[in-house]
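# Residue-level structure breakdown
Chain residues, written in single-letter form:
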Amino acid sequence: MTRIATAPNDRGTTSGNAVEVRGIVKHYGETKALDGVDLTVREGTVLALLGPNGAGKTTLVRVLSTLIKPDAGTAYVGGYDVLRQPKQLRRTIGLTGQYASVDELLSGYENLYLIGRLLDLPRREARARAAELLERFSLTEAAKRTAKTYSGGMRRRLDLAASMMGRPRVLYLDEPTTGLDPRTRNEVWDEVQRMVAEGSTVLLTTQYMEEAEQLANELTVIDRGRVIANGAVSELKAKVGGQTLQVRPAHPAELPEMARCLHESGVLNATVSTDTGLLAVPITGEEQLTAVIGVLGTRGFAIAGIDTKVPSLDEVFLAITGKPASAAVPAPSLAKEPVA
Ligand SMILES: Nc1ncnc2c1ncn2[C@@H]1O[C@H](COP(=O)(O)OP(=O)(O)OP(=O)(O)O)[C@@H](O)[C@H]1O
Ligand SMILES: [Mg+2]
């Protein structure tokens, strides 16, 4: 993707961009965790950084949080240079790391209050903001318990609340919903949307295309430290394909006949898999859904289940590169099972 470069303003970034990353390289010994990453997050938007395990997502978040120094390249956040203005930069950002970092010996409320005070909020404001965020993340009841008694999902929510205490201009969320149940995941999504509505910019790393679709305006896909695709979520969706309708017939033997009937009726892109026992149709519009269900119904096929599905990370990679995600492919195994 080509982006138009304009002159940097007096704080070093192009106006309108909250995050600007150019040519960032980071090695860990022999591993090239980041191999010349370029990325831009426009002010007030959400960028999803999508990639498999080991792609370099957390490494980039750490560079942009001034926790580690890049070997090459430039990065500006809120107009501040990660290398030359780390203090100012840190005051601009909120970070929820991939692993929860709450203080186990303090209660949920104390964790948030302390962070508020560290951010120089007056006592009253720190108390009010802590109570507000505990409420939003359904932690009010547990507010007085020490965080060591919290479940994994509760810790994650507390961690997210902590990163929002100071109403940061730029918020980094590193896989914020991995391991959360669907209800909690929706709460997190709501909160992220609220932060954006209140004016924050969000850089979100994720392994879920669905999350990117829900939250992000733009999507950057990385693999082995390199950007392999970049653009508006809608553009990438058009490339990857949006939702797929999946139909499970009551009698799997009827799958080929179902596909044939659909084809006859003008639905040309239906595929069947005897392995999964599913008929799949990429949905190009509402009329497509109605047409498929209509045809199958009138022809009297017995249907055991219907579902819609967004592409998985692997399907996204397949559509973009023609190959599955490198890190997601199991390496040829040299190790043998121990002989009992
Ligand atoms: N502190 C470190 N020391 C050595 N290698 C590291 C270190 N941190 C990351 N790496 C390596 O850098 C690469 C990128 O790792 P990174 O944690 O950024 O990936 P990620 O995209 O966040 O993956 P995940 O989805 O598993 O969180 C990996 O090969 C990883 O093993
Ligand atoms: Mg990571």
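Just so it is clear, the structure is predicted and the values come from calculations on it, not from any experiment.

## A word on the domain arrangement of the protein chain
Along its sequence, the protein chain is carved into domain 1 (17–238) and domain 2 (241–321). Taken over C-alpha atoms, the centre of domain 1 sits 37 Å from the centre of domain 2. The interface of domain 1 with domain 2 comprises 11 residues on the first partner and 8 residues on the second. Elements supplying a minimum of two residues to the side of domain 1 that touches domain 2: helix H7 (209–215) and strand E10 (226–232). Across the side of domain 1 that touches domain 2, the residue classes tally to 7 nonpolar, 1 polar and 3 charged.

## A word on helix H8 (residues 233–240)
Buried within H8 we find Val233, Leu236 and Lys237. Each buried residue of H8 sits inside an arc of 105° when the element is viewed along its axis, so together they form one side. Exposed positions of H8 whose direction lies more than 90 degrees from the buried face are Ala238 and Lys239. Summarising the contacts, the buried residues of H8 are in contact with H7, strand E9 (218–223) and E10.

## Focus: the pairing of strand E8 (residues 201–206)
Of all 6 residues in E8, 6 are buried, a share of seventy percent or more. Side chains of E8 alternate between two faces, with Thr201, Leu203 and Thr205 and Val202, Leu204 and Thr206 buried alike. By the bridge criterion, 5 bridges tie strand E3 (residues 46–50) to E8 in an arrangement that is parallel. In the strand pairing of E8, Val46 is matched with Val202. Sheet topology places strand E7 (residues 170–174) next to E8; 5 bridges connect them, and they run parallel. By the bridge assignment for E8, Asp174 is matched with Thr205.

## Looking at the environment of Glu43
Tracing the sequence through the fold places Glu43 in the loop between strand E2 (31–42) and E3. Exposure remark for Glu43: the 16 C-beta atoms within 10 Å place this residue in the partly exposed category. Residues Glu43 and Met209, spaced 166 residues apart in sequence, show a C-alpha to C-alpha distance of 22 Å. Once residues within four sequence positions are removed from consideration, Glu43 is found in contact with Gly16, Asn17, Ala18 and Thr201.

## Considerations on the sheet that holds E7
Strand order in this open sheet of 6 strands is E6-E7-E8-E3-E9-E10, and the pairing throughout is mixed. Because the sheet does not close on itself, it has two edges, and the strands there are strand E6 (93–96) and E10. Across this sheet, the average inter-strand angle for adjacent strands is 15°, counted without regard to direction. The strands that helix H5 (residues 152–164) touches are E6 and E7; relative to E6, the one it contacts most, it runs at about 170°. The strands touched by helix H6 (residues 182–197) within the sheet are E3, E7 and E8, with E8 carrying the most contacts at an inclination of about 150°.

## Quick look at the site of ligand 1
Taken together, the neighbourhood of ligand 1 is formed by 13 residues, with Tyr28, Ala33, Lys57, Thr58 and Thr59 sitting nearest. Sorting the residues of the shell around ligand 1 by element identifies E2 and helix H1 (57–64) as the ones contributing at least two each. Element by element, the count of residues in the shell around ligand 1 is highest for H1, at 3 residues. Looking at the shell around ligand 1 residue by residue, the class counts come to 3 nonpolar, 9 polar and 1 charged.

## Some words on the nonpolar core
Ala48, Val77 and Leu112 are the most contacted members of the largest nonpolar core, which has 72 residues in total. If you count residues domain by domain, this core takes at least three from each of domain 1 (17–238) and domain 2 (241–321). Beyond its immediate chain neighbours, meaning those up to four positions away, Leu112 contacts Ala130, Leu133, Leu134, Ala161, Ala162 and Met165. Counting 11 residues, the second-largest nonpolar core is a separate cluster that includes Leu255, Leu262, Val281 and Val292.

## Let's talk about the packing of H5 against H6
One way to put it is that H5 packs onto H6 with a least axis distance of 11 Å and a crossing angle of 5°. By the angle class used here, H5 and H6 are roughly parallel. Taken together, the residues of H6 that come into contact with H5 (itself represented by Gly153, Arg157, Leu160 and Met164) are Thr184, Val188, Glu191 and Met195. Of the residues belonging to the contact of H5 with H6, the class tally is 4 nonpolar, 2 polar and 2 charged.

## A closer look at the packing of helix H3 (residues 108–118) against helix H4 (residues 123–136)
Running from N to C, H3 and H4 point in directions that differ by 135°, and their axes come no closer than 9 Å. Our classification of the angle between H3 and H4 gives oblique. The interaxial crossing formed by H3 with H4 has right-handed handedness. Along its contact with H3, which presents Gly108, Tyr109, Leu112, Tyr113, Gly116 and Arg117, the element H4 presents Glu125, Ala126, Arg127, Arg129, Ala130, Leu133 and Leu134. Looking at the contact of H3 with H4 residue by residue, the classes come out as 7 nonpolar, 2 polar and 4 charged.

What counts, and where the lines are drawn
- Position labels on residues start from 1 in each chain and follow its written sequence.
- Each chain takes a letter, starting from A, and each ligand takes a number, starting from 1, following the order in which they are written.
- Under the rules for a predicted model, residues below a pLDDT of 70 receive no local features and side-chain atom pairs below 80 are neither given nor counted, while totals for whole chains, interfaces and linings still include all residues.
- These domain limits were set by an automatic method or by a database of domain assignments.
- C-beta atoms are first placed from the backbone for all residues, and any pair lying within 7 Å is then listed as a contact.
- By the criteria applied, helices consist of DSSP H or I runs no shorter than four residues and strands consist of E runs no shorter than two, each listed in order from the N terminus.
- Under the grouping applied here, Gly and all other residues not named as nonpolar or charged are polar, the nonpolar ones being Ala, Val, Leu, Ile, Met, Phe, Trp, Tyr, Cys and Pro and the charged ones Asp, Glu, Lys and Arg.
- Residues are called buried when their C-beta atom has 20 or more other C-beta atoms within 10 Å, exposed when it has 12 or fewer, and partly exposed otherwise; all C-beta atoms are positioned from the backbone.
- The arc under discussion is defined with respect to the helix axis, by the directions toward the C-beta atoms.
- Only when DSSP finds a minimum of two bridges between them are two strands counted as paired.
- Orientation is described by lines fitted to C-alpha atoms, with helices fitted over the stretch in contact, and by angles between N-to-C directions that extend from 0 to 180 degrees.
- A residue counts as near a molecule or strand when its C-beta atom, positioned from the backbone, falls within 6 Å of it.
- Defined on buried residues, the nonpolar core groups Ala, Val, Leu, Ile, Met, Phe, Trp, Tyr and Cys residues joined through C-beta atoms within 7 Å.
- Any angle that is under 35 degrees is reported as roughly parallel, and any over 145 degrees as roughly antiparallel; angles of 65 to 115 degrees are reported as roughly perpendicular and all others as oblique.
- Working rule for handedness: look at the near helix, and if it is turned counterclockwise from the far one by less than a right angle, call the crossing left-handed; if clockwise, right-handed.

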